[in-house]
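Observations on the three-dimensional arrangement
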Amino acid sequence: MRIYEITEQQELTVVNADDTNVTLIDPKTKIQTIVPKDPKKPGMIQPDPDDPSGKSFKLDNKSNGAVAPTLGPGAKVKVGSMI
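Residues numbered from 1 in each chain as written. Predicted model: local features only at pLDDT ≥ 70, side-chain atom pairs only at ≥ 80, totals over all residues. Heavy atoms only, no water.

Further remarks concern the overall build of the protein. A count of helices and strands for the protein gives zero helices and six strands. Starting at the N terminus and ending at the C terminus, the protein contains elements arranged as β-β-β-β-β-β. Considering the protein as a whole, with its 83 residues, one finds that 37% of them fall into the buried category. In the protein, 36% of the contacts between residues at least 6 apart in sequence involve partners at least 24 apart. (Helix = DSSP H or I, 4+ residues; strand = E, 2+ residues; numbered from the N terminus. Buried < 20%, exposed > 50% of the residue type's maximum accessible area, 1.4 Å probe, protein only. Contact = heavy atoms within 4.5 Å.)

Structure follows, in structure tokens:
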């Protein structure tokens, strides 16, 4: 699945986060999505400002940007545009 194909608000789980990519999986469909950690490519993942614990993240699939360095396996990522 491509990042731009994710349109509705959903929550994915991080299964792998290495130096170049973050692999997310949809717990319902088991479809994996790979988000590059390249700040020049779409897929900015940042901590969710609505979660004071700092354990939840948001993926803006329309914006270029960095991936949060604290993102690791097991983290929950809400998908959708932050606009």
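Once that is clear, we can look at the environment of threonine 13. Structurally, the position occupied by threonine 13 is in strand β1 (residues 10–17). When its relative accessible area of 14% is taken as the criterion, threonine 13 is described as buried. Here the alpha-carbon distance between threonine 13 and valine 77, two residues 64 residues apart in the chain, equals 6.1 Å. For threonine 13, the contacting residues outside a window of four places in its chain are Thr23, Leu24, Ile25, Pro27, Gly74, Ala75 and Lys76. Separated by 3.0 Å, the side chains of threonine 13 and lysine 76 make a polar contact. (Polar contact = N/O pair within 3.5 Å; in protein donor to acceptor, adjacent residues only side chain to side chain.)

Spatially, six strands are ordered β3-β2-β1-β6-β5-β4 in an open sheet, and the strand pairing comes out mixed. Across the chains shown, the open sheet's two edge strands, defined by having one partner strand only, are β3 (32–36) and β4 (42–47). Across the sheet, the mean angle separating the axes of adjacent strands is 35° when strand polarity is ignored. Pairing geometry for β1 and strand β6 (residues 76–79), over four bridges, is antiparallel. Along β6, the bridge assignment pairs glutamate 11 with lysine 78. (Pairing = 2+ DSSP bridges. Axes fitted to C-alpha atoms, helices over the stretch in contact; angles between N-to-C directions.)

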